[in-house]
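Examination of the molecular architecture
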Amino acid sequence: GVSTTGEVFGPYESAWIRTTPTSYTPLQVPELVILDAQLVEKHYTALVEWKPAEDRSCFYNLVWYGNDERTMQNVQEREIREVDTLFRYRITGLELGTEYTIKIISINGIITRESNSTELSYHTPSCLDEFNSLEVCVPPAPEDLNATEELSSDDDYFNRTYRYNVQVTWSKPALFPDNYTVTINSLSTSPESKIVDGNETCATFFDVPLEPTYFIYIKASSRAGDGFADTEKRIASVKPPRSRSSQLPVIIGSVLGAIAIAIIVFLLLYRRYKISKSKRIRKLPISNCYGDDLKGKCLSEIGSAPGEYYVPEMINDEWQLKANQIVVDEILGEGAFGVVHKGYIKMVDGREVEVAIKMLKGNPNAEEVKQFEHEIEIMKSVGSHPHLVSLVGCCSKLGYLGPFLVVEYCVKGDLLSYLRAVWEHLAGQPLKSRYINTPCFVENNQMDNNFSNKIYLLGDDFILDPRDLLSFARQIALGMEYLSGLRVVHRDLALRNVLMCENKIVKVADFGLSRDVYQDNVYLKTGAGKLPIKWMALESLSHQQYTTQSDVWSFGVVLWEIVTLGGNPYATISPRDMLSVLRSGYRMECPKNCSLELYGIMRQCWKDSAKERPTFHDLRIMLEKLLESDNRYVSLDI
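Described in the following lines is the structure provided in the data block. These figures come from a predicted structure and were not determined experimentally.

Reading guide: rules and limits
Residues numbered from 1 in each chain as written. Predicted model: local features only at pLDDT ≥ 70, side-chain atom pairs only at ≥ 80, totals over all residues. Heavy atoms only, no water. Helix = DSSP H or I, 4+ residues; strand = E, 2+ residues; numbered from the N terminus. Expected span 1.5 Å × (residues − 1). Polar contact = N/O pair within 3.5 Å; in protein donor to acceptor, adjacent residues only side chain to side chain. Contact = heavy atoms within 4.5 Å. Buried < 20%, exposed > 50% of the residue type's maximum accessible area, 1.4 Å probe, protein only. Arc of directions from axis to C-beta. Pairing = 2+ DSSP bridges. Axes fitted to C-alpha atoms, helices over the stretch in contact; angles between N-to-C directions.

Between the first and last C-alpha of helix α5 (residues 466-485) there are 29 Å, a value that for 20 residues agrees with the 28 Å anticipated at 1.5 Å per step. Where α5 begins, the side chain of D465 points an oxygen toward the backbone nitrogen of R467, at a separation of 2.8 Å. With its phi angle positive at about 60 degrees, R487 sits one or two positions after the end of α5.

This is the structure in structure tokens:
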């Protein structure tokens with residue numbers, strides 16, 4: 001042979017080696033590790049090394065791929081043939097926040113035969129781990145995705161698609177994105193999406209058509225792009241109503257039964273009415289001093305027959321009933337301060353006008369008599385309003401019954417009992433005339449039972465539309481707006497003190513705790529009267545301070561009573577604990593049949609600071625907007 005320098009040398013015998021046959025299958029690589037990993041711009045590189053098997057193969061294939069949907073299809077493979085890189089290779093371009101599978105395979109090299117692969121998993125750090133900024137990194141998928149539903153309507157029951165109000169919630173992230181896109185969808189309905197601000201953790205959809213099983217999708221977005229979406233399969237927690245077709249026989253039977261019962265009851269009541277009317281007319285003495293107006297009706301004196309009381313001549317006052325003759329009939333209801341009777345005044349043309357007569361109960365003390373006389377003056381100053389119980393007349397305290405008021409008669413009684421009867425009707429419970437014994441007042445740390453007015457005439461008109469409940473609330477707000485304009489504080493606004501007339505007209509009644517507030521619009525209670533604890537504002541409980549704003553707090557409780565069809569507010573809380581509970585920030589939860597918008601109005605009424613609460617004018621406007629909307633803000637599904 002000849003060397004590189006041109007020197008000639010003789011033959012040389014090397015050591016014999018034996019190559020593997022072409023059919024040989026290489027041995028599996030025993031070990032594969034990552035020696036180093038580092039960030040290069042916005043990607044990672046990883047230096048991998050493997051230990052060869054005993055056969056010391058010179059041919060390898062290195063394979064790597066991501067384990068998520070984005071990178072799984074991008075399988076990378078490198079043939080390792082160079083001596084310098086025979087047992088080591090640097091992988092580049094690894095995506096941040098991705099789990100990769102890396103495999104090393106030994107091959108024959110001529111007729112390809114492969115060993116079993118040796119593999120390892122490697123998860124690159126996330127973009128947020130490296131940069132901690134949504135200017136550079138897309139937001140992560142929102143966590144703890146959840147939803148609550150309330151049934152809105154069942155107009156599409158033939159297709160088993162119902163309408164829901166859905167509130168979607170998720171956890172607060174460490175870094176706020178620019179916004180979230182929330183989508184809800186079921187298989188047979190079009191998706192509905194909403195974009196909410198990045199600092200929000202909930203999104204509310206109203207009147208959405210959904211099947212009982214539906215899906216929620218949510219993704220966050222920032223300047224770096226859209227993040228990964230989180231998906232949740234949901235089964236509506238609110239059970240849809242049965243289809244009307246399956247309820248049709250029940251409905252028809254119920255209607256026919258109700259009609260039959262109504263006819264029988266009507267005939268019995270009409271017969272009883274005719275009998276009692278003839279008896280009353282026989283009791284009335286003849287008198288020729290009736291006027292044309294209820295105010296100042298001139299009636300003759302009454303004897304001492306049962307159910308009739310003598311009331312002497314009154315002083316000269318346009319509201320006083322001169323030489324009164326009235327018939328006092330059954331008790332309509334009792335409150336903490338007085339009792340209300342049904343009564344009659346006979347008109348000059350022979351008609352009898354039904355009125356309500358309020359008087360003090362039991363043996364009233366001087367403070368209660370003073371308050372009642374002040375109530376008479378308040379009602380005189382208030383005058384007439386469509387949504388306030390109007391004064392018909394009054395009698396001075398000269399009679400042995402003491403002072404009493406004569407006001408217009410509201411045939412349906414108090415709204416609390418009416419709505420509770422509606423609730424019983426919806427729940428399938430039997431209806432009956434009754435008093436409802438509900439603890440409402442506390443005096444000297446002792447519970448005192450308040451008997452709400454019963455429903456005067458229980459009829460068959462218990463069918464309410466959810467919008468009727470909003471209408472009741474609006475009418476009460478109208479009456480209270482008028483009162484607040486006169487600078488009068490009610491101080492006992494509660495559903496038991498709202499009366500109902502025909503055609504679903506409601507009126508605020510019982511000014512038993514009212515005070516005029518001509519100085520600073522504030523009244524401080526100094527007497528030892530009885531207090532409606534669970535309807536009172538925070539400042540009224542803590543400092544005995546009463547304002548129009550404290551009436552607004554009470555209106556929030558009234559709104560809660562209306563929505564729950566006469567529910568008992570703070571039912572599990574003792575009146576003695578109310579002040580500490582309210583100071584801790586607790587407020588009544590949203591009723592399950594109430595929308596978040598309507599509950600939001602309640603919460604505004606219950607703000608700690610009286611100045612932050614809405615006025616009655618504001619409340620009326622809010623309720624009118626809800627009534628004008630086609631959305632359903634309250635249901636009767638309780």
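Don't stop here, the text continues.
Bringing the side chain of S115 into the picture now. Topologically, S115 is positioned in the loop between β6 (99-106) and β7 (118-123). Once residues lying within four places of it in the same chain are set aside, the contact partners of S115 are P26, L27, Q28, I105 and S106.

Here the focus is helix α9 (residues 596-605). Within α9, the full set of buried residues consists of L598, Y599, I601, M602 and C605. For α9, the angular spread of buried residues about the axis comes to 145 degrees, placing them on one side. Of the surrounding secondary structure, the elements contacted by the buried residues of α9 are α5, α7 (548-563) and α10 (616-628).

Time to look at the sheet that holds β6. Across the sheet, which stays open at both edges, the four strands sit in the order β4-β3-β6-β7 with antiparallel pairing between neighbours. The sheet is open, and its two edges are formed by β4 (76-80) and β7, each paired on a single side. Geometrically, the sheet is characterised by an average inter-axis angle of 15 degrees between neighbouring strands, direction not taken into account. Taken together, the seven bridges between strand β3 (residues 60-66) and β6 define a ladder with antiparallel strand orientation. Residue pairing for β6: Y65 is matched across the bridge by T101.

Before going further, it helps to examine the sheet that holds strand β2 (residues 43-51). Pairing is antiparallel in the open sheet, where three strands are placed in the order β1-β2-β5. Of all the strands in the sheet, the pair left with one neighbour each is β1 (31-40) and β5 (88-94). Taking the axes of each pair of neighbouring strands and ignoring which way they run, one obtains an average angle of 20 degrees across the sheet. Here β1 pairs with β2 via nine bridges, running antiparallel. Bridge pairing links E31 to K51 in β2.

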